[in-house]
Amino acid sequence: MNKWQDSLVNLGKDMYRLKGEAERLEKNFAFVKTLVSSLKEKHSFIYTFDKLDMISIIQDPNDNFRIFSWHIALNDGSYLYYGAIQRKSKNGALELTPLLDKTFEIQNPEEEQTGLDYWYGAQYYDIIPIQDAYVLLGWKGHGPTYSQKVIEILHQDNGAFKLGKPVFSDNPKMARKIFRYTRQAAMYLKYHEAEQQIIFDHIVPADPSLEGSYEYYGPDLSFDAYKINGANLQFLEDIPFENPPRDEDDLNIVPGRAIPKKKSGL
C-alpha cells in the first residue's frame, strides 16, 4: 500500500502543477486507474493514505464507508470532479462505487435527487451523520467568475447510496443547499459539533440590482445556521457568532502554480 500511495502522490501533484490541460487530464486518468488498483488490495479500507494530501478523503464516523473526491481545473476556469465511495466489507474485498460528475446535465440541482451516477460534483471536506442520512460539506469551484459551496445529503435506499434529500426546514422541496459567491471572496461553512449546528456566511449580492449575477455575491458579515433536529436541518437566521478567521478558498488552484500545503487541498 505504501508503494501504491507513492505512485498516487506523484500523479496527484502532476494533476495540479502541469500547465497543459491535456497533460493534467492524462495524469488524472492514470490517477483514477492507480487508485482503483490500490483499493483492490485486500483490507485496503484500513489504509489511511496519509500522504495523499491533494485530494479529500472523509470517513464515515461509524466506519462503514469513506468518500474520495477531487477536482481538475480546466483552462476556461471551470472544473471537473471525480470521486468514489468505498464500503467496508467483511472479507476485506473491494466494494467501490464511482461518483460520476453530471453537473451540467442536472437541470435543477437544488431539488433533484439522484444516484451516484448523476452527481452534482464537489470536493467534500466534512461528513456529519444525522438520522437515516449523512450531511456532506463540499467546495465546488464552478466557473471563472464565481465559486460554490454545497450542503449535500447522502443516504441509502434499499442498500444503494442516493444523493439529495428534502431535509431543509426553510424549503421543503430543496434536496441540497448550494451557495454561490464571487471567486474573490472566501465563504465560511463549517460544522460546530458542540452546538450541533452547521454555521455559514449569509451570502448576498453587492447591490439588489445584481441579483442573479453570482460574481457579485459575497458574505455580509452576518451568519445563519442549520441545526440538526433528528432527521432534519432546522434553519436559524442571523445567529450570534463571532467573525471567524478567513482563509482564502485554496481550492481555486491555478494550473501550473504550487499546490496549497493543506491536508486534502482544503
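Coordinates for the structure precede this section.
Everything numeric here is computed off the predicted structure, so don't read it as measured data. (Residues numbered from 1 in each chain as written. Predicted model: local features only at pLDDT ≥ 70, side-chain atom pairs only at ≥ 80, totals over all residues. Heavy atoms only, no water.)

Things to note about the packing of aromatic side chains
Taken as a whole and assessed by the stated rule, the structure comprises 18 aromatic pairs. Aromatic side chains Tyr79 and Tyr81 sit 6.5 Å apart centroid to centroid with 35° between the ring planes, which places their arrangement in the tilted category. Both residues of the pair, Tyr79 and Tyr81, count as buried. The interplanar angle of 55° and the centroid separation of 5.6 Å between the aromatic rings of Tyr226 and Phe235 together place this pair among those described as tilted. Judged by its relative accessible area of 0%, Tyr226 falls in the buried class. Note on Phe235: relative accessible area 26%, which makes it partly exposed. Ring-pair connections join several aromatic residues into one group, and the members of that group are Phe168, Phe179, Phe200, Tyr226 and Phe235. Above the ring of Tyr120, the side-chain terminus of Lys140 is found at 4.4 Å from the ring centroid. A cation over a ring is seen here: Arg180 above Tyr214, with NZ or CZ 5.4 Å from the ring centre. (Phe/Tyr/Trp six-rings, centres within 6.5 Å; stacked < 30°, edge-to-face > 60°. Buried < 20%, exposed > 50% of the residue type's maximum accessible area, 1.4 Å probe, protein only. Lys NZ or Arg CZ within 6 Å of the ring centre and 35° of its normal.)

With respect to the pairing of strand E3 (residues 79-87)
In this structure, strand E2 (residues 65-73) lies alongside E3, joined through 9 bridges in antiparallel fashion. Along E3, the bridge assignment pairs Ser69 with Gly83. Here 5 bridges tie E3 to strand E4 (residues 96-100), and the two strands are oriented antiparallel to one another. Bridge pairing in E4 places Tyr82 opposite Leu100. (Pairing = 2+ DSSP bridges. Helix = DSSP H or I, 4+ residues; strand = E, 2+ residues; numbered from the N terminus.)

Describing helix H2 (residues 21-39)
The first and last C-alpha atoms of H2 sit 27 Å apart over 19 residues, in line with the 27 Å expected at 1.5 Å per residue. The inward-facing, buried residues of H2 abut helix H1 (2-17), E2, E3 and E4. (Expected span 1.5 Å × (residues − 1). Contact = heavy atoms within 4.5 Å.)

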